Every structure is written in C-alpha cells, then in structure tokens.
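A structural walkthrough
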Amino acid sequence: MPENEELWYTIFATGHPELVKQHRLHTRLPAPPRCKLCLVPFKGPGGFVMGLRGRRPSNRNPRYCSKCDQFIRAFPGGAEVEMSMIFADVRGSTPLSESISATELSRRMNQYYAAVTHILVDTDGFIIDVVGDEVVGLYPPGFSGPHHAERALEAAQRLVALDPTECGLPFGVGVHTGVVHIGTVMGADEGIADVRAIGMEVNTVARLGSSAGAGEALVSDATWKAVREAPDGVEHRELMLKGRSEPFGVRVVRGPTAVAANAK
Ligand SMILES: [Zn+2]
C-alpha cells in the first residue's frame, strides 16, 4: 500500500474525526483567510486568539498553519477519492487586457477572485486555488460532506447568477464529479508543500470550465446523477472533449447574463 494512503483516504473520503472537530470549531471563528487544511482563521479575533495558541501561518507555507504544514511534511502521501470539483475560468481576458490598463485589469481580477472564492468557501468547498485566470475548488466528501455534488452544483448556480459588473470579469464554470488522486506535493528544497488533486477527471473539469460561455456552467452527467433532486428542464448537451473518445454529456446551467451574451 502506498505511504499513508489510509490516513489521506480517511481525511478526504470519510472525514478524519479530529479534523472534522477542528473544522466545526474553526469555522465559527472569524476571519478568513484560513489554513487550507484545518480552517483555523488567520485574521480577525479568531486569528488573534489561535495565533496565541501557535496556530499561525507557517513561514514556509503561509496558506497552511504551522501545525498543518508540519503534518503534511510528516505524512506525505495521498489516496484516490471520489469528489466533486469546480473550475471558474475568465472569458476574453486577452482582448480585455488590450483595452484597459494593467492596473484596471488587476483590480478586476482581484474582484473576480474574491467573488468566486467567497461562494466556494460558503458552499463548503475546500482546497481552493487560484491558477492564472482560473479559480479551482474541490469538494471532497471528508470536508464537504456526503452531498458534495449538491454543494458544487449550488456553487455553480450562485456563480452564474453573479452580476459581471460586481464580480469584475465575465467567466465560465465547469463542474464534475469523479475519482481523483488527492495528496501531498513537495516543492523544491522542501519549501512549499501543498495538497493537490491529479488525474484525468481533474483535466475534464478544467476543460468544462474553459468550454463554458460567460455566465454559463457546464455540469457533467456524473455530477447531475449524484445530485438528489436535480432541477427539471435543464438543457442537455454532448461535447467532444480533448482526451475523451466518447461524447461527454453535460447540463447547461445559465445565469441571467448568459442569456444577454447569447443574444448579442
Ligand atoms: Zn491548519
């Protein structure tokens, strides 16, 4: 058995009792940003109190508290876990960057990151990362609960309902549910250690995110089937995705602005 597989499977698939207890406690304390693993707050009164208890951002790895950073280094490894995933991807940032100043683009990007991240956190998404134009959120059952597909769909519905003038930039959304390998990755010289999801299903959700129109979410059939009471009358579409030989079925969830974009 690969190193620490059972431990990481417990953390992400079923929920480690100790970590689940910490999540309950820490999410009651303000304020974000939080440690990516134990959700201890780094700012606000909660951050101050927990800082006194040694739960400060790790120097080497400031997105984790020093205790979780130590934990990741002490128990490297990972496991295959079925989870839901979401990718938000900006539409038309290259032409936009030619028409507005770099400062204005940066302001709008930050507005977009904040708006999207807020919704992912609010729907119990975890391991939220920003990669270029993309915001990526994972919904492992051990963190987000057994109804992770519903939480991810709810996030997608709220994301496409955002007003583009309030969230800075137009973007598309992909949602998918599948088995991925989630585990630790070590940076050069033991510097940054992180937890990442890797696998074909991760590539798939990224492709859905980049294929979606502005204000549109492409939700895979796998996610749709996992949702207990999926809404009726939502358009079904089949896509040819790179890396898949068969047509890939999705539901198309549209926000109010997607309609306007299509009408142009
Ligand atoms: Zn932590």
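Residues numbered from 1 in each chain as written. Predicted model: local features only at pLDDT ≥ 70, side-chain atom pairs only at ≥ 80, totals over all residues. Heavy atoms only, no water.

**Details of helix α1 (residues 5-14)**
To be explicit about the condition: Partly exposed residues are those whose accessible area sits between 20% and 50% of the maximum for their type, while under 20% is buried and over 50% is exposed, using a 1.4 Å probe and protein chains only. Think of it this way: any DSSP run of H or I at least four residues long counts as a helix, any run of E at least two long counts as a strand, and we number them from the N terminus. Picture the helix axis, draw a direction to every C-beta atom, and the arc is the one those directions span.
Those residues of α1 that sit buried are Trp8, Ile11, Phe12 and Ala13. Buried residues along α1 cover an arc of 165° about the axis, so they all sit on one side. Within α1, the exposed residues directed more than 90 degrees away from the buried face are Glu6 and Thr14.

**Focus: the pattern of salt bridges**
A pair can form between side chains of opposite charge whenever their charged atoms are brought close. The condition is simple: Salt bridges are defined as contacts in which a side-chain nitrogen from Lys or Arg sits within 4 Å of a carboxyl oxygen from Asp or Glu.
Under the definition given, this model contains 20 salt bridges. Measuring nitrogen to oxygen at the nearest pair gives 2.9 Å for the salt bridge that ties Arg73 to Asp69. Of this pair, Arg73 and Asp69 both sit in helix α4 (residues 66-74), four residues apart, roughly one helical turn. Across the pair, Asp69 and Arg73 agree in class, each one buried.

**Comments concerning the coordination of the zinc ion**
Filter applied, for reference: Coordination here is defined by N, O and S atoms within 2.8 Å of the metal (3.2 Å for Na, K and Ca), and since water is not considered, a site can look incomplete. By the criteria applied here, four donors are tetrahedral when all angles lie between 85 and 135 degrees, four are square planar and six octahedral when opposite donors are over 155 degrees apart and every other angle lies between 65 and 115, and any other arrangement is irregular.
In this structure, Cys35 (SG), Cys38 (SG), Cys65 (SG) and Cys68 (SG) serve as the protein donors to the zinc ion, at separations of 2.2 to 2.4 Å. Its four donor atoms give the zinc ion angles of 104 to 117° at the centre, a pattern that matches the tetrahedral case. Written as a sequence motif, the donor residues of the zinc ion are C-x2-C-x26-C-x2-C. Highlighted residues: Cys38 in the loop between α2 (17-27) and α3 (44-52) and Cys65 in the loop between α3 and α4, separated in sequence by 27 residues. Neither Cys38 nor Cys65 differs from the other in exposure class; each is buried.

**Describing the confidence of the model for the protein**
Note the threshold: Each residue carries a pLDDT score, the predictor's confidence in it, ranging from 0 to 100. In what follows, residue pairs with any heavy atoms lying within 4.5 Å of each other are defined as contacts.
Residues with a pLDDT of 70 or more make up 96% of the protein, whose mean pLDDT is 91. Put simply, helix α12 (residues 256-263) is where the protein has its lowest mean pLDDT, 59, and helix α11 (residues 221-226) is where it has its highest, 98. Taken as a whole, residues 260-264 scores under 50 in pLDDT and shows one contact with residues more than four places along the chain or in a different chain.

**Things to note about helix α8 (residues 148-160)**
Inclusion rule: A helix's residues, less one, multiplied by 1.5 Å, set its expected span.
The terminal C-alpha atoms of α8 lie 19 Å apart, and with 13 residues this matches the ideal 18 Å at 1.5 Å per residue to within 8%. Turning to α8, its buried residues number three or more, namely His148, Ala149, Glu150, Ala152, Leu153, Ala155, Ala156, Leu159 and Val160.

**What about the side chain of Arg91?**
Heads up, the condition is: Each polar contact in these results corresponds to two N or O atoms within 3.5 Å; when the atoms are within protein, one needs to be able to donate a hydrogen and the other to accept it, and residues that are neighboring in sequence are counted only if both atoms are side-chain atoms.
Along the chain, the position of Arg91 falls in the loop between β1 (78-90) and α5 (93-99). Within polar-contact distance, the side chain of Arg91 engages the backbone oxygen of Ala212 at 2.2 Å. Arg91 has contacts with Pro170, Phe171, Gly172, Gly209, Ser210, Ala212, Gly213 and Ala214, leaving out every residue within four places of it along the chain.

**Structural notes on the packing of helix α6 (residues 102-122) against α8**
Spelled out, the test is: Orientation is described by lines fitted to C-alpha atoms, with helices fitted over the stretch in contact, and by angles between N-to-C directions that extend from 0 to 180 degrees. Reported orientations rely on four angle classes, namely roughly parallel under 35 degrees, roughly antiparallel over 145, roughly perpendicular from 65 to 115, and oblique for the rest. Crossing handedness is defined as follows: a turn of the near helix away from the far one that is anticlockwise and smaller than a right angle gives a left-handed crossing, while the clockwise case is right-handed. Amino acids outside the nonpolar list (Ala, Val, Leu, Ile, Met, Phe, Trp, Tyr, Cys, Pro) and the charged list (Asp, Glu, Lys, Arg) are all regarded as polar, and Gly is one of them.
It is the contact of α6 with α8, at a shortest axis distance of 9 Å, that shows an interaxial angle of 150°. Between α6 and α8, the crossing angle belongs to the class labelled roughly antiparallel. For the crossing formed where α6 meets α8, the hand is right-handed. Where α6 abuts α8, its residues Val116, Ile119, Leu120 and Asp122 lie against Arg151, Ala155, Arg158 and Leu159. For the contact of α6 with α8, the residue count by class is five nonpolar, no polar and three charged.

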